[in-house]
Amino acid sequence: MINKTATGTFTLSSDCTVNNFTRTNGVFDNPSAARILTVQGNFSMSTTDTFGGANLTLTMGGSGATQTITQNAGTMS
């Protein structure tokens, strides 16, 4: 589980695997080196704040039921 308050910036410092990912506010910064965020369940993003960049790879890696990607606002780069 990744849990960060709405203020400030979150930067992934190593590869990470989570079951479900829900983002409602705050900057999820582009890491300084290549990192992989693996989501094994559903992915939801509902903010226009920055999400990642060239060094962040989002991988959907669930092995069971259908996964859902919901993007209500913002841009994935």
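These numbers come from a predicted model, not from an experiment. (Residues numbered from 1 in each chain as written. Predicted model: local features only at pLDDT ≥ 70, side-chain atom pairs only at ≥ 80, totals over all residues. Heavy atoms only, no water.)

Caption draft 1: Local environment of the pairing of strand S5 (residues 35–39). Pairing analysis gives three bridges linking strand S2 (residues 16–18) to S5, with the strands arranged parallel. Directly across from Val 18, in S5, lies its bridge partner Val 39. Where S5 and strand S7 (residues 56–60) come together, five bridges link them in parallel fashion. Its bridge partner lying in S7, Val 39 is registered against Met 60. (Pairing = 2+ DSSP bridges. Helix = DSSP H or I, 4+ residues; strand = E, 2+ residues; numbered from the N terminus.)

Caption draft 2: Structural context of the confidence of the model for the chain. This prediction gives the chain a mean pLDDT of 82; 86% of its residues lie at or above 70. Of all helices and strands in the chain, the one with the weakest mean pLDDT is strand S8 (residues 69–73) (80), whereas S5 scores best (92). (pLDDT = per-residue confidence, 0-100.)

Caption draft 3: Examining the sheet that holds strand S3 (residues 21–23) more closely. Spatial ordering of the open sheet is given by S3-S6-S8, a layout of three strands whose pairing is parallel. In this open sheet, the two strands that pair with only one neighbour each are S3 and S8. Across the sheet, the mean angle separating the axes of adjacent strands is 0 degrees when strand polarity is ignored. Relative to S8, strand S6 (residues 43–46) is paired through four bridges, and the arrangement is parallel. Its bridge partner lying in S8, Phe 43 is registered against Ile 69. (Axes fitted to C-alpha atoms, helices over the stretch in contact; angles between N-to-C directions.)

Caption draft 4: Looking closely at the sheet that holds S2. Read from one edge of the open sheet, three strands run S2-S5-S7, paired in parallel fashion. A strand with exactly one partner marks an edge of an open sheet, and here the two such strands are S2 and S7. Looking at each pair of strands side by side, their axes are set apart by 20 degrees on average, direction ignored.

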